[in-house]
Amino acid sequence: MAGNSSGARERILARIRDAAVRSGGADLIDTPLKPTAGLSGPADVLAGIFPPIGDARARFLTECASNLMEAMETADAAASAAALVTVLNSLPEGELYVQDVPVLRSLIERATIAQPVRWSSQGAPAASTQVSLTLAHAFVAQTGSILISSQCGGRGASIVAPCHIVYGTGVQVVPDIAAALALAQAKGLTEASYAGLISGSSRTADIEKILVQGAHGPRRLVVIIED
Amino acid sequence: MTAMPRKVALFVPCFVDQVVPQAAVDALTVLRRIGCEVIFPADQTCCGQPAFNSGHWSEARPCAERFVRVFGDSECVVAPSGSCVSMVRTHYPDLLPVGPLRDDAIALGQRTYELTEFLVRIAGVNDVGASFPHSVTYHASCHATRELGIYREPLELLAHVRGLELRPLPAEGDCCGFGGVFSVKFGAVSAAMGDTKLANVDSTGAEYVTSIDPSCLMHLEGVIGATKRKVRPIYLGSILAQQQEAAQ
Amino acid sequence: MSTASRQFVQRAAVKAADLEHRATIERNIQTYDAAVARGRLRFADWEAARNACEAIKAEAICHLDRYLEQFEKNITARGAHVFWAEDAAQADAYVATLVKQRGVKTVVKSKSMATEEIHLSAALEKAGATVWETDLGEFIVQLRDEPPYHIVTPAMHLTRYQIRDLFREKLGADVPDADPQKLVAVARVALRRAFFSAEMGISGANFLVADAGMVALSTNEGNGRLTTTLPRLHVVVAGIEKIVPRLADLALLWPVLAAAGTGQPITTYSTLIGGPRCADEPDGPEELHVVLLDNGRTNLLTAPETAEVLRCIRCGACLNMCPVYRQVGGHAYGTTYPGPIGSIFTPRTVEMREWGHMAYACSLCTACKSVCPVKIDLPKQLLLVRRDFVAAGDVKPAENVGFRGFRWVVESARRFAAGGWLLRKSQAVVRALGFSRSPLDPMYVWTKYRAPMPVPRQSFRAWWRQHGRQ
């Protein structure tokens, strides 16, 4: 690619190494880096920094509410399908973009949907997509976040449409961000090109520090949690 | 609590000595009232803070050397100022190169106290028999509160002043805007910060604003005068020096 | 005095007198203060959080070279390109070349102070692209042709009415009642067109995660997500100090960044980018380029005492707490990074002579130190800048003379007493002649803004000689 920067690279690294030597930290250059395993290091440090989570599911639902997310608890697949339809019926006309995965195929089959459906296997969501439906890897109680990745129907599935619906189960609730990140590393999500936590609808306070929902991302984030 | 030292050496900041000497006189009064024998080593001049804060460390170092020489033999040093004590305790270790002088400075810093800190923590006294029947609000000066951790001591002392009505100051920990050389290098901003601080003082309706730092009060007095406000600044040690029938 | 210094003092004086500006900033800061107070309650032990964050970043800076190499190795394994830029020119040239070679006509930018620092937008416009700032605050100041006012809230200095007028003028969109909700909707529509047509998306990075080889990016608006999803090229510009050792570190850094920056539990979109799209993914950029920027940061490593400055996670808390910043705002500084951190970072990474004066725009109140989540001793670093500024001979000659005079006076108790006597007598004369608070007053630097200091009858030491002994 344009511009071979290896000269610059070596010079920058040399400046850093020279500095370490000059500051008497030469021995630091050879000490091993701290281990990369997810739960060693900061996780033990975290104990005592945050209050204990307690009932993770209850905490998740509380945080969802303060994040201005919508959480719908359902007892079974039929109820989930009904919940989905309720949400879809509240939306303007337009395409529904769905992560192409058997669980969602069967959920869509159960539901009577007015919107035309586009599957992630068919390509990226269109600019005019009204709503997207995906799974998530986990629900994080500490902050009311969903852990998602490009394996959940791609990147656009969680950001392009004005409404994003997430379908998951109660067992997916994890207590905190540390657990979510450990899960992400264990499941190889860091090999996906995108992973992340989403903790609410898109919002901004750039105008007079007044909170406004629905900036560039979805205005509504709905979570259907089935037991 | 350590045993109260008999002899206290009074460290009088340069500007207090020359511009607002009453603060030192009143600190002396209070110290004697609680039974201290106070001496004033007349060889002292300046702790070096103005030079240090301006970045002129080579002009500040001789001040530090002099301070250690003048006060080195003192059992205990007390000053009517948070910022100057902070200079000695917090900044002499930064200013001086590693060596015996620096070690002496560090040790000396451990026995150099701001007045209210000395009264409450060392002498174990929070009632100095003072009387000041006025409404007062307390400005928690930066060096004292954040660098030296002095906060409850001045309030404890004020709580025992007869007739004094203490009114909490909104944003009490906000800087008054003095900042030493800052006050002249950025005079407009400094005065604006003072104005903001005084707006908070005004909101309490208190007759007096007090602090353990005469430098803050000197600056606020200047802004009070320029903005024609009614509130009066008074050094906390001066409140403590007041006794029955002696109110201003 | 450098030009920048003179301008700063002038601008600061103007802003300090602008009461409406002060009131706007005060309102914003109060909202921030309230949010931060609420945010702290989510921590059982905030001090422990600060200590842990300090430890994480200290470790990263201590082994900066090896963590950078680890990051590079892991992210290039997924097909990303990593470009090391020693300075702004190299970084700008690299991205500008990409623009030309890939036929980029439209660029969307997510908020990045690093890209401001290197003036990337100007370089890309010269290369023939139109650049859209997509963070709402940045978009607003871009329309006004202004630099951002604050590193976290770029349009903090504007009211909704000013924004309404701006949108009417520049976008032809009218929102008569200036309702913030509707203003945001206007911006959303305008920027959506840009997002969907842009060939290149540029973002910064809040953190560069070494063990996972991922770029961590936090936004609330979602513009960071769209910028890094829709265009076929994604370019990241990040300072080398953004490195953190492990993905697990974000379990602490993400909540702390949000708590210190805005009082939130976590930023809404906490994104991790590991590379260009994978073969089995339906969307995402085809190319990812990460520009690692030095641009003077390694200067901070040349002495152990200044290395801590590189721990900064750009949360903005020090700005929000700084009473000087609250008075003069972000523009007065004239630099990419204002406030306490900027007043250290700029002289050290750009030029001491030109920018050292910034470190004097500080009353040393230490509020910044008390809030810094990574425990940088900012007041000490400001004093070190002052020390080095003086040592480099960048101070006005008169000041050098003045302090040598000061030294001469304070080295003798007699000279000191004499000097004080002279000061008191001359002030009494000035007062008698009615020169107080005029340029003829030697103390004019003080009395320009304040009533003159009282002139006591005698100094304390004179009083002591007469009355002091018991």
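Given the structure is predicted, the values throughout are model-derived calculations rather than measurements. (Residues numbered from 1 in each chain as written. Chains lettered and ligands numbered in written order. Predicted model: local features only at pLDDT ≥ 70, side-chain atom pairs only at ≥ 80, totals over all residues. Heavy atoms only, no water.)

Attention shifts here to the overall build of chain B. Helix and strand content of chain B: 13 helices and eight strands. Taken against the 2.2 N^0.38 rule, which gives 18 Å for 248 residues, the C-alpha radius of gyration of chain B at 17 Å falls within 12% of a compact globule. With the C-alpha coordinates aligned to their principal axes, the bounding extent of chain B is approximately 50 × 45 × 25 Å. By the burial criterion, 64% of the 248 residues in chain B qualify as buried. Considering only intrachain contacts with a sequence separation of at least 6, the fraction spanning at least 24 residues in chain B is 82%. Total accessible area computed for chain B in this model is approximately 8200 Å², and 52% of it derives from carbon and sulfur atoms. Of the side chains in chain B, 21 bear a positive and 26 a negative charge, and the two mean positions are spaced by 1 Å. (Helix = DSSP H or I, 4+ residues; strand = E, 2+ residues; numbered from the N terminus. Rg over C-alpha atoms; globule rule 2.2 N^0.38 Å. Buried < 20%, exposed > 50% of the residue type's maximum accessible area, 1.4 Å probe, protein only. Contact = heavy atoms within 4.5 Å. Areas by Shrake-Rupley, 256 points an atom, 1.4 Å probe, with all protein chains shown as cover. Lys, Arg positive; Asp, Glu negative; His and termini not counted. Charge placed at Lys NZ, Arg CZ, Asp CG, Glu CD.)

All names here are of chain C. Counting through the fold element by element, V36 comes out in helix 2 (residues 19-40). Counting along the chain gives 151 residues from V36 to A187, while the straight-line C-alpha distance between them is 27 Å. Sequence-distant contacts of V36, that is, excluding residues within four places in its chain, are made with A259, A260 and G263.

Residue and element names in this part refer to chain C. The strand order across the open sheet formed by six strands is 1-10-7-4-2-3, and the pairing between neighbours is parallel. Edge positions in the sheet fall to strand 1 (81-85) and strand 3 (130-133), since each has one partner strand and no second. Across this sheet, the average inter-strand angle for adjacent strands is 20°, counted without regard to direction. Two strands pair when backbone bridges link them, and strand 4 (residues 200-203) and strand 7 (residues 233-239) are joined in this way by four bridges, in the parallel orientation. (Pairing = 2+ DSSP bridges. Axes fitted to C-alpha atoms, helices over the stretch in contact; angles between N-to-C directions.)

Now for helix 22 (residues 460-468) of chain C. Those residues of helix 22 of chain C that sit buried are C:F460, C:R461, C:A462, C:W463, C:W464 and C:G468. Elements that come into contact with the buried residues of helix 22 of chain C comprise strand 1 (7-10), helix 1 (14-18), helix 2 (22-33) and strand 2 (37-39) of chain B together with helix 20 (413-432) of chain C.

Counting residues at the interface gives 86 residues for chain A, matched by 107 residues for chain C. Its largest share of buried area at the contact with chain C, chain A owes to A:R155, A:K209 and A:H216, together 11% of the area lost on that side. At the boundary of chain A with chain C, the tally comes to eight salt bridges. Across the pair A:E208 and C:R160 runs a salt bridge, and its minimum N-O distance is 3.1 Å. Scanning the region where chain A abuts chain C turns up 43 residue pairs in polar contact (both at pLDDT 80 or more). Sorting the residues of the side of chain A that touches chain C by element identifies helix 1 (6-22), helix 2 (26-30), helix 3 (42-46), helix 4 (56-66), helix 7 (177-186), strand 9 (194-198), strand 10 (203-204) and strand 11 (212-213) of chain A as the ones contributing at least two each. Counting residues per element, the side of chain A that touches chain C draws most heavily on helix 1 of chain A, which supplies 10 residues. Split into classes, the residues belonging to the side of chain A that touches chain C amount to 40 nonpolar, 30 polar and 16 charged. In the sheet, strand 9 of chain A pairs with strand 9 (residues 269-273) of chain C via five bridges, with the strands oriented antiparallel. (Buried area = accessible area lost by both parts, 1.4 Å probe. Salt bridge = Lys/Arg side-chain N within 4 Å of Asp/Glu carboxyl O. Polar contact = N/O pair within 3.5 Å; in protein donor to acceptor, adjacent residues only side chain to side chain. Nonpolar A, V, L, I, M, F, W, Y, C, P; charged D, E, K, R; others polar.)

The assembly contains two pairs of chains in contact; the pair sharing the most contacts is chains A and C. Separated without contact, chain A and chain B have their nearest C-alpha atoms at a distance of 16 Å.

The geometry of an aromatic ring pair is captured by two quantities: the separation of the ring centres and the angle between the planes. Counted by the stated rule, this structure contains 23 aromatic pairs over all chains. The interplanar angle of 35° and the centroid separation of 5.0 Å between the aromatic rings of A:F50 and C:F43 together place this pair among those described as tilted. In this pair, A:F50 is assigned in the loop between helix 3 and helix 4 and C:F43 in the loop between helix 2 and helix 3 (46-62), connecting two distinct chains. No difference in accessibility class separates A:F50 from C:F43, as the two residues are buried. One aromatic cluster is present, built from ring pairs that chain together B:F11, B:F67, B:F71 and B:Y92. Sitting above the plane of the C:Y360 ring, B:K185 keeps its charged end 3.8 Å from the centroid. One residue, C:R314, lies across the ring of C:F345, its end atom 4.8 Å from the ring centre. (Phe/Tyr/Trp six-rings, centres within 6.5 Å; stacked < 30°, edge-to-face > 60°. Lys NZ or Arg CZ within 6 Å of the ring centre and 35° of its normal.)

Let us now look at the interface of chain C and chain B. Across the contact, 61 residues belong to chain C and 65 residues belong to chain B. Carbon and sulfur atoms make up 67% of the area that chain C and chain B hide from each other, which totals about 5300 Å². The three residues of chain C that bury the most area against chain B are C:F403, C:R450 and C:F460, which together make up 13% of that side's buried surface. When the shortest N-O distance is used, the salt bridge between C:R407 and B:E59 registers 4.0 Å. Between the two partners, chain C and chain B, sit 23 residue pairs in polar contact (both at pLDDT 80 or more). Sorting the residues of the side of chain C that touches chain B by element identifies helix 1 (3-17), helix 14 (323-328), helix 17 (367-371), helix 18 (378-391), helix 19 (397-410), helix 20, helix 21 (444-447) and helix 22 of chain C as the ones contributing at least two each. No other element matches the seven residues that helix 19 of chain C contributes to the side of chain C that touches chain B. Among the residues forming the side of chain C that touches chain B, the class breakdown is 35 nonpolar, 12 polar and 14 charged.

All names here are of chain C. Of note, L364 is a non-glycine position whose phi angle comes to about 55°, a positive value. Structurally, L364 can be placed in the loop between helix 16 (352-355) and helix 17. Positive phi is not limited to glycine here, since R437 has a value of about 65°. Assignment of secondary structure puts R437 in the loop between helix 20 and helix 21. For R437, a relative accessible area of 35% gives the class partly exposed.

Mean pLDDT over chain A works out to 89, with 87% of the residues at or above the 70 mark. Below a pLDDT of 50 lies the segment residues 36-40 of chain A, which in the model reaches nine contacts outside its immediate sequence neighbourhood of four places, other chains included. (pLDDT = per-residue confidence, 0-100.)

In this section: the nonpolar core. Core analysis: the biggest nonpolar cluster contains 269 residues, and B:F118, C:F167 and C:L250 have the highest contact counts within it. When residues in this core are grouped by element, the largest group, nine residues, is from helix 12 (residues 250-261) of chain C. Those residues in contact with C:L250 that sit more than four places away from it in its chain are A:L181, C:F207, C:V209, C:A216, C:V244, C:P255 and C:L272. (Core = buried A, V, L, I, M, F, W, Y, C linked by side-chain atoms within 4.5 Å.)

Another point: the domain arrangement of chain B. Residue and element names in this part refer to chain B. When the domains of chain B are assigned, the result is domain 1 (7-122) and domain 2 (135-247). On a C-alpha basis, the centres of domain 1 and domain 2 stand 21 Å from each other. With 30 residues of domain 1 at the interface, the matching set in domain 2 holds 25 residues. Contact between domain 1 and domain 2 buries roughly 2100 Å² in total, counting both sides, with carbon and sulfur atoms accounting for 62%. It is R33, T116 and V120 that lose the most area in domain 1 upon contact with domain 2, and together they represent 23% of the buried surface on that side. The interface formed by domain 1 and domain 2 contains one salt bridge. With a shortest N-O distance of 2.6 Å, R121 and E153 are connected by a salt bridge. Between domain 1 and domain 2 we count 10 residue pairs in polar contact (both at pLDDT 80 or more) in total. (Domains from an automatic or database assignment.)

How two helices pack is summed up by the angle between their axes together with the distance between the axes. Where helix 11 (residues 187-204) of chain B meets helix 1 of chain C, the axes come as close as 8 Å, and the angle between the chain directions of the two elements is 25°. In terms of axis orientation, helix 11 of chain B runs roughly parallel to helix 1 of chain C. Viewed along their axes, helix 11 of chain B and helix 1 of chain C form a crossing whose handedness is left-handed. Contacts between helix 11 of chain B and helix 1 of chain C pair B:A188, B:V189 and B:A192 from the former with C:A12, C:A13 and C:A16 from the latter. A per-class count over the contact of helix 11 of chain B with helix 1 of chain C returns six nonpolar, no polar and no charged. (Parallel < 35°, antiparallel > 145°, perpendicular 65-115°, else oblique. Left-handed = near helix turned anticlockwise from the far one by under 90°.)

Moving on, we get to the pairing of strand 7 of chain C. Most of strand 7 of chain C sits inside the fold, with seven of its seven residues counted as buried. Along strand 7 of chain C, one buried face is formed by C:L233, C:V235, C:V237 and C:G239 and the opposite face, lined by C:H234, C:V236 and C:A238, is buried too.

The tally for this structure, following the rule as stated, stands at 52 salt bridges over all chains. Between C:R22 and B:D195 there is a salt bridge whose closest N-O contact spans 3.4 Å. Highlighted residues: C:R22 in helix 2 and B:D195 in helix 11, drawn from two different chains. Among the residues examined, C:R22 registers a relative accessible area of 12% and is labelled buried. One continuous salt-bridge network, built from bridges that share partners, spans B:R89, B:E117, B:R121, B:R152, B:E153 and B:E156.

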